Amino acid sequence: MMTALERAERNIRRGLVIASAGLLGLAGVYLMAWRFTPPERFQGLAQKIFYIHPPAAYASEMAFVFAGIASLLYLLLKDERFDTFAEASAEVGLAFALVLLTTGPIWAKPIWGAWWTWDARLTFSLIEFLLFAGYFALRSAVRDPAERARYAAVVAIMGMLLVPFIHLTVYLFNTTHPQPVVVRTDKPALPLVMLRTFLTSFAVFTVMYIGFVTARYGIGARRIAREMTDAG
Amino acid sequence: MSTLHAALAIARKDLRIEWRHKTALLTATLFAILVLLIFVFARDPASVPLAAIAPSVLWVTLALSALVALNRAFLLEREHSALEGILLAPVARQAIFWGKWLANLAFVLTVQAIAFPLWILFFNVTPSLALIAVAGVAVLAAIGFTAVGTLFSAMAVRTRFAELLLPVLLLPFMIPPVFAASEATLRLLAGRPMGELWGWLRLLALYDLAFLVLANLLFPVVVDE
């Protein structure tokens, strides 16, 4: 029978192995984007960011949604593992959101002519980032673990309801974002070689998400296990 | 005691305390006036006419003073652990939420009611019937974000840095109502047809309904040990 501490250590190790595989895959995506895809006709080299930026958006969105679901499950089942998972997923989501918010302006400068525009999806990502940054501000301000878990879950669940409203708001405000080129009712509007790199990147980001969250979950669980040993 | 009676009793108690002290109300009002003032001085009078920024200024002022007002709501309860006393009372947790929310809404609306005529005065807004509609929009917007604020201030007050945490948590939630309300205000002041307003009013009403229900459902999670 493994102790909680050993299980946590094993999760960290597994997470790091998966994350390393993901990072290796990311190097592969860079290589594919650099060597094997042609420069895009209108955007030139700036378009290369397309192999990183939408996958990061997808990974952060997935991370936040899972954090929200785990928070709901925590309130319903009162199992602290859900809280540990929600924290892990939200933190990884913040990291991907940061990738999203930094790669966006790098592309926007040559294409839109400005580092920052108050475009709908850009604004949406920023607000979501701030929402989850607030989630961590709250977490760090509460000492009691059970209280921290409950409060964090409340904020995450309220956040899930806020998301559709923010979505509506920012779209009514302004959008100049490129329209979907892959998920469309007719066939994807980009060459196969670009599509292949793009989809590989999505798979790689999924692997990275799983790796990071597993490791981060292990770190959270290890902290709890240590607190238990110290207290007991 | 029915939920409604209990809620009204709690709201009455809170407002009575507020009325006896008047410090919070005066401070929040003063704060609102100062925000209005800062906007007047922070613009370039030669290039930005007051009328152009009036709707935005109204909504930034109302949102910020609501934040200040909400911050003090649960601070009252923290002193002498007054909240524990209310929690011991044989009333539903929901009744406590409704009571707190009603008191907060009344407080926020009072501050807004004082700030509103001052905004008309400072920003040379032409008095017209449209202003009554703007006041209605203010009420519609306040309903939703005070519900969120009531829930969050109950949490924030039990943390370290309560005064800092509430704005950080609440401001993202104020974006949809403040945006919809200032868009509606803009159209009302420009005398646009009603057809352009419905969308914004519907968004506000939907926000109010959604967050009143969810905040009320989550409130017991926050206050129960």
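A. Representation of the overall build of chain A within the structure. A count of helices and strands for chain A gives 6 helices and 0 strands. Secondary structure of chain A in N-to-C order comes out as α-α-α-α-α-α. Principal axes of the C-alpha set define a box for chain A whose edges measure 65 × 40 × 30 Å. Burial statistics for chain A: of 232 residues in total, 39% are counted as buried.

B. Representation of the overall build of chain B. When helices and strands are counted, chain B shows 8 helices and 0 strands. Tracing chain B from N to C terminus, the helices and strands come up as α-α-α-α-α-α-α-α. Rg of the C-alpha trace for chain B: 18 Å, near the compact-globule value of 17 Å for 225 residues, within the 12% margin. In terms of its C-alpha atoms, chain B occupies a principal-axis envelope of roughly 60 × 35 × 30 Å. The contacts in chain B between residues at least 6 apart in sequence include a share of 84% that link residues at least 24 apart.

C. Summary view of unusual backbone geometry. A positive phi angle is found at A:Lys78, which is not glycine, with a value near 55°. Here A:Lys78 is to be found in the loop between helix H2 (53-77) and helix H3 (80-112). At B:Asn124, a residue that is not glycine, the phi angle is positive and equals roughly 50°. Tracing the sequence through the fold places B:Asn124 in the loop between helix H5 (93-122) and helix H6 (130-156).

D. View of the interface of chain A and chain B. With 22 residues of chain A in contact, the opposing surface of chain B contributes 21 residues. Taken together, the elements giving at least two residues each to the side of chain A that touches chain B come down to helix H4 (120-141) and helix H5 (145-173) of chain A. Among the elements that take part in the side of chain A that touches chain B, H5(A) stands out by supplying 13 residues, more than any other. Each residue belonging to the side of chain A that touches chain B can be placed in one class, and the counts come to 19 nonpolar, 2 polar and 1 charged.

E. Spotlight on helix H1 (residues 3-21) of chain B. Residue and element names in this part refer to chain B. Taking 1.5 Å as the rise per residue, H1 with 19 residues should run 27 Å; its terminal C-alpha atoms sit 27 Å apart, in good agreement. Here H1 has its buried residues at Ala6, Ala7, Ile10, Asp14 and Glu18. The arc that holds every buried residue of H1, seen down its axis, measures 110°, which confines them to one face. Projecting away from the buried face of H1 at angles above 90 degrees are the exposed residues Leu4, His5, Arg16, Trp19 and Arg20. Of the surrounding secondary structure, the elements contacted by the buried residues of H1 are helix H2 (23-41), helix H4 (82-88) and H5. Count one or two residues on from H1 and you reach Lys22, which has phi positive near 65°.

F. Seen up close, H5(B). Taking 1.5 Å per residue as the helical rise, H5(B) with its 30 residues ought to reach 44 Å, and the 43 Å between its terminal C-alpha atoms agrees with that figure. Of the residues trailing H5(B), B:Asn124 is marked for its positive phi of about 50°.

G. Local environment of the nonpolar core. Formed by 129 residues in total, the largest nonpolar core has its most connected members in A:Ala86 and B:Val148. Tallying contributions element by element places H6(B) first for this core, with 15 residues. If sequence neighbours within four positions are ignored, A:Ala86 has contacts with A:Ala67, A:Ala70, A:Ser71, A:Tyr74, A:Ala152, A:Ala153 and A:Ala156.

H. Quick look at the environment of A:Leu45. Residue and element names in this part refer to chain A. If you trace the backbone, Leu45 turns up in the loop between helix H1 (4-36) and H2. Classification of Leu45 as exposed rests on a count of 10 C-beta atoms within 10 Å. As for Leu45 and Trp107, which are separated by 62 residues in sequence, their C-alpha atoms are 9.5 Å apart.

I. Local environment of the environment of B:Val48. Mapping B:Val48 onto the fold places it in the loop between H2 and helix H3 (50-78). Other than its neighbours up to four places away in sequence, B:Val48 contacts B:Arg43 and B:Ile53.

J. Region of the structure containing the packing of H6(B) against helix H7 (residues 162-189) of chain B. Residue and element names in this part refer to chain B. Two numbers describe how H6 lies on H7: the axes approach to 9 Å, and their chain directions differ by 165°. One finds that H6 runs roughly antiparallel with respect to H7. Our pair here, H6 against H7, has a crossing hand that is right-handed. Classifying every residue of the contact of H6 with H7 gives 23 nonpolar, 4 polar and no charged.

K. Focus on the confidence of the model for chain B. Residues and elements named next belong to chain B. On average, residues of chain B score 87 in pLDDT, and 97% of them reach the 70 mark or higher. Looking across chain B, the model is least confident in H4, with a mean pLDDT of 76, and most confident in helix H8 (residues 198-223), with 93. Taken over the whole predicted complex, pTM reads 0.86, whereas the ipTM for its chain interfaces reads 0.88.

Definitions and limits used
- Residues numbered from 1 in each chain as written.
- Chains lettered and ligands numbered in written order.
- Predicted model: local features only at pLDDT ≥ 70, side-chain atom pairs only at ≥ 80, totals over all residues.
- Helix = DSSP H or I, 4+ residues; strand = E, 2+ residues; numbered from the N terminus.
- Buried ≥ 20, exposed ≤ 12 C-beta atoms within 10 Å, placed from the backbone.
- Rg over C-alpha atoms; globule rule 2.2 N^0.38 Å.
- Contact = placed C-beta atoms within 7 Å.
- Nonpolar A, V, L, I, M, F, W, Y, C, P; charged D, E, K, R; others polar.
- Expected span 1.5 Å × (residues − 1).
- Arc of directions from axis to C-beta.
- Core = buried A, V, L, I, M, F, W, Y, C linked by C-beta atoms within 7 Å.
- Axes fitted to C-alpha atoms, helices over the stretch in contact; angles between N-to-C directions.
- Parallel < 35°, antiparallel > 145°, perpendicular 65-115°, else oblique.
- Left-handed = near helix turned anticlockwise from the far one by under 90°.
- pLDDT = per-residue confidence, 0-100.

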